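Each chain, written out:
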Amino acid sequence: MTQTQSAVQHFESSSGVRIYRIPMEVFPGFIGYAYLLLGAGVPTLVDVGSGYQASTEQLLDGLASISSEHGEAFTPSDIDRVIISHGHVDHFGGLGNVMDAIGSAAIGIHPLDRRILTNYEERVLIATKNLTIYLQQAGVPQETLPDLLQMYGFSKMHVRSMPIDFTLEDGDELDGMRIYHVPGHCSGQIAIQIGDVLLSADHILSRTAPHLAPESITHYTGVGHYLEALDKMQQVDGIRLVLGGHEDPITDMHKRIGELIERIHQKKQRVVEILQNSEASLSIFQITQLMYPEKYGFNHLLALQQAGAFVEYLYDRGYLCIANLDDVKQSDNSALYYSLI
Ligand SMILES: [Zn+2]
Ligand SMILES: [Zn+2]
């Protein structure tokens, strides 16, 4: 990490809450942020990093620097509440290690992501089964499947299940924090408004559109929910600063949401164009190769999910049909080939 990335940054909300942003290298070369909130009820930590390699150490070092460099009368064991913004490993994978280090704290998450934390082994098993069916129907060649599934499982191996003490739902108010449920990138994704600051986690990022996967793998994810959740936040006024789970602070939320909506519509349109320009019907595997030709390894798996999320969105809304119904009739997990209606 560079010097600027490794420094804890201080922000303040209009409601007087001190917000400390702590950077961690959550995956190799990939920076994620946890946030310590002082002045919103008990000292509260939002997200805990991945638990990979040095990420927990970087979080604990960052927490320690809040007294030594920012003059707060605070030690990490003062944290009485941990909020997990959503059930992705880069945001909660370090929870076990962090709890060992800070002692007891009440842990909260949206109900739709609660099972990911409390029944992690079950969650990985069921999601892997759903992903297998998805990849078969996407037309991934049989010989490529084991590698893709192994990559999926490997990224989740070090995590252990944890009990949850409370849940956070849309509209909840908690010590001056307002909770928004913003599903799409993840089922139980929440954003937290503190005065004029929004902690957007992965829902609104400054440079990239967040990864989307089909709802057929995990309910309440996908393009439709994501667009609805962007619309929901577009109605919220009085946000001066958006702080994400990655990337840079955003000072014009409405403009950024407009750009993200535009980006989603462009990707959707790209799938339509690919099908328009093809003489034959296409599988999701083939659409992915045309849409994301340069993706390999884990990124290929992410691309297969992302292309499939757009195909699912268009199919659910009646823009596409399945062209090989005879194959589907004869075999349980036949690849599906799509055409425009
Ligand atoms: Zn995420
Ligand atoms: Zn993330």
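Below, the structure is looked at part by part. (Residues numbered from 1 in each chain as written. Chains lettered and ligands numbered in written order. Predicted model: local features only at pLDDT ≥ 70, side-chain atom pairs only at ≥ 80, totals over all residues. Heavy atoms only, no water.)

### Regarding the coordination of the zinc ion (ligand 1)
Perfect tetrahedral coordination of a metal by four donors corresponds to 109.5 degrees between them, and perfect octahedral coordination by six donors corresponds to 90 or 180 degrees. Heads up, the condition is: Think of the donor list as every N, O and S atom within 2.8 Å of the metal, or within 3.2 Å for Na, K and Ca; water never makes the list, so a site can look incomplete. Sites are called tetrahedral only when four donors show all angles between 85 and 135 degrees, square planar or octahedral only when four or six donors show opposite pairs over 155 degrees and all other angles between 65 and 115, and irregular in any remaining case. Helix numbering and strand numbering both begin at the N terminus, where a helix is a DSSP run of H or I of at least 4 residues and a strand a DSSP run of E of at least 2. Only protein chains enter the accessibility calculation, which uses a 1.4 Å probe. A residue is then buried if its area is under 20% of the maximum for its type, exposed if over 50%, and partly exposed in between.
Donor atoms from the polypeptide that bind the zinc ion (ligand 1) are His86 (NE2), His88 (ND1), His185 (NE2) and Asp202 (OD), placed at 2.1 to 2.4 Å. If you look at the zinc ion (ligand 1), its four donor atoms make angles of 91 to 173° with each other, and the shape they trace is irregular. Mapped onto the polypeptide sequence, the residues donating to the zinc ion (ligand 1) form the spacing pattern H-x1-H-x96-H-x16-D. If you look at the zinc ion (ligand 1) and the zinc ion (ligand 2), they sit 3.4 Å from each other and are both ligated by Asp202. With a gap of 17 residues between them, His185 in the loop between β9 (177-181) and β10 (190-194) and Asp202 in the loop between β11 (197-201) and α8 (223-234) connect regions that are remote in the sequence. Asp202 carries the same exposure label as His185, and that label is buried.

### Quick word on the nonpolar core
What counts here: Among the buried residues, those of types Ala, Val, Leu, Ile, Met, Phe, Trp, Tyr and Cys that are joined through side-chain atoms within 4.5 Å form a nonpolar core. The contact definition used throughout considers only heavy atoms, calling two residues in contact when any of these lie within 4.5 Å.
Ranked by size, the top nonpolar core spans 56 residues in total, and within it Leu135, Leu198 and Ile204 carry the most contacts. With residues near it in sequence (within four places) discarded, Leu135 still touches Val140, Leu145, Leu148, Leu149, Leu301 and Leu304.

### Digging into the coordination of the zinc ion (ligand 2)
Donor atoms from the polypeptide that coordinate the zinc ion (ligand 2) comprise Asp90 (OD), His91 (NE2), Asp202 (OD) and His246 (NE2), at 2.1 Å from the metal. Bound by four donor atoms, the zinc ion (ligand 2) shows angles of 87 to 157° at the metal and therefore irregular coordination geometry. Each donor residue of the zinc ion (ligand 2) belongs to the same chain, and together they define the spacing D-H-x110-D-x43-H.

### Here's the deal with the pairing of strand β1 (residues 9-12)
Defined as follows: Only when DSSP finds a minimum of two bridges between them are two strands counted as paired.
One ladder, built from four bridges, connects β1 with strand β2 (residues 18-27); its direction is antiparallel. Directly across from His10, in β2, lies its bridge partner Tyr20. What sits between the antiparallel neighbours β1 and β2 is a turn of five residues, in which Gly16 has the positive phi angle 85°.

### As for the packing of helix α5 (residues 111-118) against helix α6 (residues 120-137)
Rules: Comment: axis = line fitted to C-alpha atoms, over the contacting stretch for helices; angle = value between 0 and 180 degrees taken between N-to-C directions. For classification, angles of less than 35 degrees are called roughly parallel, those exceeding 145 degrees roughly antiparallel, those between 65 and 115 degrees roughly perpendicular, and all remaining angles oblique. Three residue categories are used. Nonpolar comprises Ala, Val, Leu, Ile, Met, Phe, Trp, Tyr, Cys and Pro, charged comprises Asp, Glu, Lys and Arg, and polar comprises the others, including Gly.
Across the interface, α5 lies against α6 with an axial gap of 5 Å and an inter-helix angle of 105°. Regarding the angle of α5 to α6, the classification is roughly perpendicular. Residue-level contacts link Arg115, Ile116, Leu117 and Thr118 of α5 to Tyr120, Glu122 and Arg123 of α6. Residue composition of the contact of α5 with α6, by class: three nonpolar, one polar and three charged.

### With respect to the pairing of strand β4 (residues 41-46)
Put simply, the test is: If the strands point away from the viewer and the path from the first strand over the helix to the second runs clockwise, then the crossover is right-handed.
For strand β3 (residues 30-39) and β4, the ladder comprises four bridges, and the chain directions are antiparallel. Note that in β4 the partner of Leu36 across the bridge is Leu45. Where β3 folds back on β4, the antiparallel hairpin that results is connected by one residue. Assessed by its sense of winding, the connection that carries the chain from β4 through helix α2 (residues 55-68) to strand β5 (residues 81-83) is right-handed.

### Concerning unusual backbone geometry
Located in the positive-phi region is Gln53, a residue other than glycine, with phi close to 40°. As for its position among the elements, Gln53 is in the loop between β4 and α2. For Ala201, which is not glycine, the phi dihedral falls at a positive 50°. Checked against the element boundaries, Ala201 lands in strand β11.

### Let's talk about the packing of aromatic side chains
Quick reminder of the rule: What counts as a ring pair is set by centres within 6.5 Å for rings of Phe, Tyr and Trp (its six-membered ring), and what kind of pair is set by the plane angle: stacked under 30 degrees, edge-to-face over 60, tilted for all other angles. The criterion for a charge sitting over a ring is simple: Lys NZ or Arg CZ within 6 Å of the ring centre, and within 35 degrees of the ring normal.
Counted under the stated rule, the structure contains four aromatic pairs. Pairing Phe92 with Tyr120 gives two aromatic rings, centres 5.9 Å apart and planes at 65°, and the pair type is edge-to-face. Taken as a pair, Phe92 in helix α3 (residues 89-92) and Tyr120 in helix α6 lie far apart in primary sequence, 28 residues in all. Neither residue differs from the other here; Phe92 and Tyr120 are each classed as buried. Members of the aromatic cluster, joined through ring pairs, are Phe27, Phe30 and Tyr52. A cation sits over an aromatic face here: Arg21 above Tyr33, 3.9 Å from the ring centre.

### Examining the sheet that holds strand β12 (residues 241-244)
As summarised here, the arrangement of the five strands in space is β8-β9-β10-β11-β12, forming an open sheet in which the pairing is mixed. Across the chains shown, the open sheet's two edge strands, defined by having one partner strand only, are β8 (173-174) and β12. Both β8 and β9 contribute to a ladder of two bridges, which runs antiparallel. If you follow Glu173 over to β9, its bridge partner there is Arg178.

### Here we look at helix α9 (residues 253-276)
Under the convention used in this document: In this scheme, a helix's expected span is set at 1.5 Å multiplied by one less than its residue total.
Counted at 1.5 Å a residue, the expected span for α9 with its 24 residues is 34 Å, and the 35 Å between its end C-alpha atoms agrees. For α9, the set of buried residues is Met253, Arg256, Ile257, Leu260, Ile261, Ile264, Lys267, Lys268, Val271, Val272, Ile274 and Leu275.

### Focus: the pattern of salt bridges
We apply this condition: For this analysis, a salt bridge means a side-chain nitrogen from Lys or Arg found within 4 Å of a carboxyl oxygen belonging to Asp or Glu.
According to the stated counting rule, one finds 11 salt bridges in the structure shown. A salt bridge links Glu72 to Arg18; the shortest N-O distance between them is 2.8 Å. With Glu72 in the loop between α2 and β5 and Arg18 in strand β2, this pair connects stretches of sequence that are 54 residues apart. Assessed through its relative accessible area of 13%, Glu72 is described here as buried. Asp170 is the salt-bridge partner of Lys232, the closest N and O atoms lying 3.1 Å from each other. Of this pair, Lys232 sits in helix α8 while Asp170 is found in the loop between β7 (166-167) and β8, placing the two residues 62 residues apart along the sequence. Residue Lys232 is classed as partly exposed on the basis of its relative accessible area, which comes to 29%. Relative accessible area serves as the criterion here: at 41%, Asp170 is assigned to the partly exposed category.

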